[in-house]
Amino acid sequence: LPPASPPPAAPPAAPAAPPPPSNPDAGLIAEAERAAIEELRLHLYRAQPSVYRVNFRVREAGRVPGWSQIRVRGDAAFQAWDNRRRDLVWRSERAEIVFDIVDGDRLRASSVSYGGISRQIDY
């Protein structure tokens, strides 16, 4: 028998795709998502002292085009005491929290909106 021929050479590897462009604001956006629930709680506690169990689910978070701000939008729900019913009732609305970007690396809450009511945050 004739000697076995060597296996065919493997085709050259395709060049690696370039990594997706990194988002320089990714860390600030993640921080804003975490801080949004606390800002919303503070807003609701000031508006209604009998608020319990605030829940917030982030639906969208990103930089506001043309501004040094990050906007976090989502669905919020909380329990509050209802004097008419003499019981706790659940309320649910859309919420939006806007953070100013300070010095390029810090966030400061600017405004909170819940159920169509907005409040500017003053420092």
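See the structure printed just above.
Keep in mind that this is a model prediction, so the values were computed, not measured.

Cut-off values and rules
- Residues numbered from 1 in each chain as written.
- Predicted model: local features only at pLDDT ≥ 70, side-chain atom pairs only at ≥ 80, totals over all residues.
- Heavy atoms only, no water.
- Phe/Tyr/Trp six-rings, centres within 6.5 Å; stacked < 30°, edge-to-face > 60°.
- Helix = DSSP H or I, 4+ residues; strand = E, 2+ residues; numbered from the N terminus.
- Buried < 20%, exposed > 50% of the residue type's maximum accessible area, 1.4 Å probe, protein only.
- Pairing = 2+ DSSP bridges.
- Lys, Arg positive; Asp, Glu negative; His and termini not counted.
- Salt bridge = Lys/Arg side-chain N within 4 Å of Asp/Glu carboxyl O.
- Contact = heavy atoms within 4.5 Å.
- Expected span 1.5 Å × (residues − 1).
- Bend = angle between axes of the 7 residues up to and from the residue.
- Core = buried A, V, L, I, M, F, W, Y, C linked by side-chain atoms within 4.5 Å.

A. Looking closely at the packing of aromatic side chains. Under the counting rule described, the total for this entry stands at one aromatic pair. Geometrically, the ring pair formed by phenylalanine 78 and tyrosine 114 is tilted, given 5.6 Å between the ring centres and 55° between the ring planes. With phenylalanine 78 in strand S2 (residues 69-82) and tyrosine 114 in strand S4 (residues 106-114), this pair connects stretches of sequence that are 36 residues apart. Residue classification places tyrosine 114 among the buried positions, given a relative accessible area of 9%.

B. Geometry of the pairing of strand S3 (residues 87-102). In this sheet, S3 lies alongside S2 in antiparallel orientation, the contact comprising 14 bridges. Bridging across to S3, isoleucine 70 finds its partner in phenylalanine 99. What sits between S2 and S3 in their antiparallel hairpin is a turn of four residues, with arginine 86 showing a positive phi close to 55°. The pairing of S3 with S4 spans eight bridges and is antiparallel. Looking across to S4, one finds that phenylalanine 99 is bridged to alanine 109. The turn linking S3 back onto S4 is made up of three residues, and aspartate 103 within it adopts a positive phi angle of 55°.

C. Expanded view of the pairing of S2. Taking burial as the measure, the 14 residues of S2 include ten buried ones, the bulk of the element. Two strands pair when backbone bridges link them, and strand S1 (residues 51-63) and S2 are joined in this way by ten bridges, in the antiparallel orientation. Bridge pairing links valine 51 to alanine 80 in S2. Where S1 folds back onto S2 in an antiparallel hairpin, the turn is made up of five residues, including glycine 66, whose phi is positive at roughly 85°.

D. Region of interest: the side chain of glutamate 39. Among the structural elements, glutamate 39 can be located in helix H1 (residues 26-47). Among buried Asp, Glu, Lys and Arg side chains, glutamate 39 stands out as unpaired, with arginine 119 the closest opposite charge at 5.6 Å. The residues contacting glutamate 39, other than those within four sequence positions of it, are Ile97, Phe99, Ala109, Val112 and Ile121.

E. Seen up close, H1. Helix length check: H1, at 22 residues, gives a terminal C-alpha distance of 31 Å against a target of 32 Å (1.5 Å per residue), a fit within 8%. Along its length, H1 shows its largest kink, about 35°, at alanine 35. Where H1 is concerned, the buried positions are Leu28, Ile29, Ala32, Ala36, Ile37, Glu39, Leu40, His43 and Leu44. Those residues of H1 that are buried are in contact with S1, S2, S3, S4 and strand S5 (117-120).

F. Representation of the nonpolar core within the structure. One finds Leu40, Phe56 and Phe99 to be the most contacted residues of the largest nonpolar core, which totals 24 residues. Put simply, the parts of the chain that give this core at least two residues each are H1, S1, S2, S3 and S4. The dominant element in this core, judged by the number of residues it contributes, is H1, at seven residues. Once you skip the residues sitting within four places of it in the chain, leucine 40 turns out to touch Val54, Phe56, Ala76, Ala95, Ile97, Val112 and Tyr114.

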